[in-house]
Amino acid sequence: MYKTEEEFLMNYDSNNFDKLSVTTDVLLVSVSDKKQNNYRKTDIKAMSILLVKRDDFPYKGKWCLPGGFLGINEDLEECPKRILEKETNLKDIFLEQLYTFGKVNRDPRMRIVSTAYMALVDKNRLKDSISKNASWFDLSLMEYNDEIDIILDNGNESLNIKYKKVLKEYTTDKYEYKIIKNDSIAFDHPDVIIYGLERLKNKIEYTDIVFNMMPEYFTLGELQQVYEVILNKKLLDPAFRRIIANKVIKTDKVKTGGGHRPSALFKYNNN
């Protein structure tokens, strides 16, 4: 038996343990204007996520979330920032840790554990261009009975993921999502996508996280559209106004144009 910490460390042999690698994956979500061909129609909001096409094995030619290996001397919180800038050319974006995914066979190369992050942005406000192998995919989600169907479309390709929703814990109403169809998304990134969307849906009910996807000035109608896209349901106007009553400030600015009456502009109340 060792008597001191120093004695223990001098005799410690890390080769007695199996090796594993750590990665981070980033689910980058935007709810932004989707332009209408008819200028008289109001722009609608659409949710989109950013995917990167793999140019090497495994899963060469498949789409995946931006991700990469954690450097041996790199802090975990710095890794997703570096990955976003390297793989997508994006920086200074809201990030929060989402979940750690560690199924034994989640990566065919080796034993890899991934800490996933969720990033939020209004992509129409981005000043930097994304990398050539990255693409924004509009996301539509349909839920019926115990199945969820996600369609991802970037204008050139359409990807489909289907999940079965299974009640995991009766006492906490906690669900898990089993993939029943996935032909285009690499690794276990469909798990990251559905987990992140559910987390986002829950968090806008009790936090101000949604304002990371809003421009500085917006109408209440635009803000309500963003809530509705994330929650995947229509909201009654009076109920919505009560939800955001203390979260926004009315400004003296108005939105004009588009063949519609001027609308008052608001901004986030961060006090």
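Now for a description of the structure that goes with this document.

Each helix and strand counted, the protein has five helices and 12 strands in total. In terms of overall dimensions, the protein has C-alpha extents of about 80 × 45 × 45 Å along its principal axes. A burial count over the protein gives 41% of its 271 residues as buried. Relative to all contacts within the protein whose residues are 6 or more apart in sequence, the contacts with residues 24 or more apart total 54%. Where the 43 positive side-chain charges of the protein centre and where its 42 negative ones centre are 6 Å apart.

In this structure the tally under the stated criterion is 18 salt bridges. Here E78 ties to K81 by a salt bridge, and the two come within 3.5 Å at their closest N and O atoms. Look at E78 and you get partly exposed, because its relative accessible area is 39%. By relative accessible area, which is 44% here, K81 ends up partly exposed. When the shortest N-O distance is used, the salt bridge between R109 and D107 registers 2.7 Å. On the accessibility criterion, R109 (39% relative accessible area) is partly exposed.

Grouped together as the largest cluster of nonpolar side chains are 47 residues, with contacts concentrated most on L51, I150, L152, I193, L200, L223 and I230. Of all the elements, helix α4 (residues 220–231) adds the most residues to this core, at six residues. L50, V52, A119 and W136 belong to the second-largest nonpolar core, a separate cluster that totals 11 residues.

Attention now goes to helix α2 (residues 79–88). Among the residues making up α2, those that are buried are C79, P80, I83, L84, E87 and T88. What you see down the axis of α2 is that its buried residues fit within an arc of 130°, all on one side. Elements that come into contact with the buried residues of α2 comprise β1 (21–34), β2 (44–53), β4 (67–69), β5 (94–101), β6 (112–120) and β7 (134–144). Trailing α2 by a residue or two, N89 shows a phi angle of about 70°, which is positive.

It is worth spelling out unusual backbone geometry at this point. Residue P58 follows F57 across a cis peptide bond; omega there is 0°. Tracing the sequence through the fold places P58 in the loop between β2 and β3 (63–64). Positive phi values are uncommon outside glycine, yet Y59 reaches one of about 65°. The residue Y59 is located in the loop between β2 and β3 in this model. Classification of Y59 by relative accessible area gives partly exposed; the value is 34%.

So, on to the packing of α4 against helix α5 (residues 237–244). It is at 11 Å that the axes of α4 and α5 come closest, and there the two elements cross at 95°. By the criterion of interaxial angle, the relationship of α4 to α5 is roughly perpendicular. Listed contacts from α5 to L220, L223, Q224 and Y227 of α4 are D237, F240, R241, I243 and I244. Broken down by class, the residue content of the contact of α4 with α5 amounts to six nonpolar, one polar and two charged.

The next subject is the pairing of β6. Within a regular strand, side chains alternate between the sheet's two faces. Of all nine residues that make up β6, nine are buried, and the element is covered over most of its length. The pairing of β1 with β6 spans nine bridges and is parallel. Paired with T23 across the two strands is S114, which belongs to β6. Examined bridge by bridge, β5 and β6 share seven bridges and lie antiparallel to one another. Paired with Y99 across the two strands is A116, which belongs to β6.

Here we come to a nonpolar patch on the surface. Residues Y2, F8 and L9 make up a contiguous nonpolar surface patch of roughly 300 Å² in combined accessible area. Secondary-structure assignment places L9 in helix α1 (residues 5–11).

Working definition: the covalent bond between the sulfur atoms of two cysteines is a disulfide. Under the definition given, this model contains zero disulfides. Residue C79 stays outside any disulfide, its sulfur separated by 14 Å from that of C64, the closest cysteine. By relative accessible area, which is 0% here, C79 ends up buried.

With that settled, consider α4. Helix length check: α4, at 12 residues, gives a terminal C-alpha distance of 16 Å against a target of 16 Å (1.5 Å per residue), a fit within 8%. Of all 12 residues in α4, nine are buried, a share of seventy percent or more. Among all positions in α4, only L220, E222, L223, Q224, V226, Y227, E228, I230 and L231 are buried. Downstream of α4 by one or two residues, N232 has phi in the positive range, about 60°.

Analysis parameters
Residues numbered from 1 in each chain as written. Predicted model: local features only at pLDDT ≥ 70, side-chain atom pairs only at ≥ 80, totals over all residues. Heavy atoms only, no water. Helix = DSSP H or I, 4+ residues; strand = E, 2+ residues; numbered from the N terminus. Buried < 20%, exposed > 50% of the residue type's maximum accessible area, 1.4 Å probe, protein only. Contact = heavy atoms within 4.5 Å. Lys, Arg positive; Asp, Glu negative; His and termini not counted. Charge placed at Lys NZ, Arg CZ, Asp CG, Glu CD. Salt bridge = Lys/Arg side-chain N within 4 Å of Asp/Glu carboxyl O. Core = buried A, V, L, I, M, F, W, Y, C linked by side-chain atoms within 4.5 Å. Arc of directions from axis to C-beta. Axes fitted to C-alpha atoms, helices over the stretch in contact; angles between N-to-C directions. Parallel < 35°, antiparallel > 145°, perpendicular 65-115°, else oblique. Nonpolar A, V, L, I, M, F, W, Y, C, P; charged D, E, K, R; others polar. Pairing = 2+ DSSP bridges. Patch = residues over 30% accessible without salt bridge, like charges linked within 9 Å, V, L, I, M, F, W, Y side chains within 5 Å. Areas by Shrake-Rupley, 256 points an atom, 1.4 Å probe, with all protein chains shown as cover. Disulfide = S-S within 2.5 Å. Expected span 1.5 Å × (residues − 1).

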